[in-house]
Amino acid sequence: VSRPGEETPGGGIIGHAGEMGLIRGAIAGGRLAHSFIFAGLDGIGKRRVAFETAAALNCASSGLAGLACWECGDCERVRARTHPNVLYVEPEAGLIKIDRVREVQAALKYRVERGRKVVVVEAADKLNAQAANAFLKTLEEPPPATVIILVTSRPSELLPTVLSRCQRINFRPLSVDEVAGYLTRETGAKEAEARSIARMSGGSIARAACLLEDGMETSAAGVIEAISAISPGEADKAVGLAEELAKRDDLEEVLESLKGVYRDMGVAAEGLDALVAKTHLPERRAPAWTAMPPWEAFSLVEEARRNTTPPRYMNRQLTIETMLLRLTGCNRHARRQR
Ligand SMILES: [Zn+2]
């Protein structure tokens, strides 16, 4: 299923003028690094920028000016993912294994006649240790005319040795205006709904699309509402909600949305609103349901996310229950009553 944030690349980049400017300048100036990490939230367009880079480096009409025309045969083949110079790697069953790395290394041995080879590694944090280690030498000294781009929303989960060999570009979350603009333009959403969803999206087009598709009530927004409705004496409610959440296929997305809200609360609490790409706080009210400082809540949700996704796969119900009991203050309340 292709969501709006994930459609086939080929122009249409939203925001990221700074990030693109950096890359275009480096291409035009002939000083593009060999290995990159594109880091930033899921669904904000990192992969699009990676493909834009791949197209710019192979476009028949750009003359290495750093711009892809998206009209020539080369650009068309990059868009269709059939360009011989552009290799795309993504996890299979949650992991990128050493066999796939070896395939890429073998393919990189062939010289290119024109343009440059570009390897785009999607979700590079899913390289297992063996695969990452096998990849190190290629990252350090790629074959001539080769650019490797590791795309990840969790750079901290990459090996330090991998991180240190790549130039890192941090992608900023999109602003509320950018996300809302996309939603009204591409999905026909009404302005008010689009802005409300954009605020909940944490600056991610993919997340906004999910929120729009599922409806605000059943998705993360609804979950946040449900959490905020639980008071510290209502542990049974928290346990019930945990049971419901643990069954959801989009649990990871829900947890990411929760993190986005806590992050914005944390930033707002420190009076640093100007630093975030506009605040994504829910419009209706500043939630009064934090039983702990926002940054602590953020870490708690992140811990639950890590524990319920590969490679950990801990018991989902138990993990979410523990998280919710602490987020709602039910754990402390229970202790006081004993
Ligand atoms: Zn072109």
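Here is a short report on the structure shown in this document. (Residues numbered from 1 in each chain as written. Predicted model: local features only at pLDDT ≥ 70, side-chain atom pairs only at ≥ 80, totals over all residues. Heavy atoms only, no water.)

1. Structural notes on the coordination of the zinc ion
Argument step 1. Bound to the zinc ion on the protein side are Cys59 (SG), Cys69 (SG), Cys72 (SG) and Cys75 (SG), at distances that span 2.2 to 2.3 Å.
Argument step 2. Seen from the zinc ion, its 4 donor atoms lie at angles of 104 to 117°, and the figure they make is tetrahedral.
Argument step 3. Linear spacing of the donor residues for the zinc ion on their chain is C-x9-C-x2-C-x2-C. (Donors = N, O, S within 2.8 Å, 3.2 Å for Na, K, Ca; no water. Tetrahedral: all angles 85-135°; square planar, octahedral: opposite > 155°, others 65-115°.)

2. A look at the packing of aromatic side chains
Argument step 1. Under the definition given, this model contains 4 aromatic pairs.
Argument step 2. Measuring from ring centre to ring centre gives 5.0 Å for Phe38 and Phe171, while their planes differ by 45°; the resulting arrangement is tilted. Here Phe38, found in strand β1 (residues 35–39), pairs with Phe171, found in the loop between β5 (167–170) and α7 (176–187); they are 133 residues apart in sequence, far enough to count as distant. For the residue pair Phe38 and Phe171, the accessibility class agrees, reading buried in each case.
Argument step 3. Centroid distance Trp295 to Phe298: 6.0 Å. Interplanar angle 70°. Geometry classified as edge-to-face. Note that Trp295 and Phe298 are positioned in helix α13 (residues 294–308) at a spacing of 3 residues, about one turn of the helix.
Argument step 4. Relative accessible area serves as the criterion here: at 35%, Trp295 is assigned to the partly exposed category.
Argument step 5. By relative accessible area, Phe298 is classed as partly exposed at 22%. (Phe/Tyr/Trp six-rings, centres within 6.5 Å; stacked < 30°, edge-to-face > 60°. Helix = DSSP H or I, 4+ residues; strand = E, 2+ residues; numbered from the N terminus. Buried < 20%, exposed > 50% of the residue type's maximum accessible area, 1.4 Å probe, protein only.)

3. A short note on the packing of α13 against helix α14 (residues 316–327)
Argument step 1. At a minimum axis separation of 9 Å, α13 and α14 run at an interaxial angle of 175°. By the criterion of interaxial angle, the relationship of α13 to α14 is roughly antiparallel. Contacts between α13 and α14 pair Ala297, Leu300, Val301, Ala304, Asn307 and Thr308 from the former with Arg316, Thr319, Met323, Arg326 and Leu327 from the latter. (Axes fitted to C-alpha atoms, helices over the stretch in contact; angles between N-to-C directions. Parallel < 35°, antiparallel > 145°, perpendicular 65-115°, else oblique. Contact = heavy atoms within 4.5 Å.)

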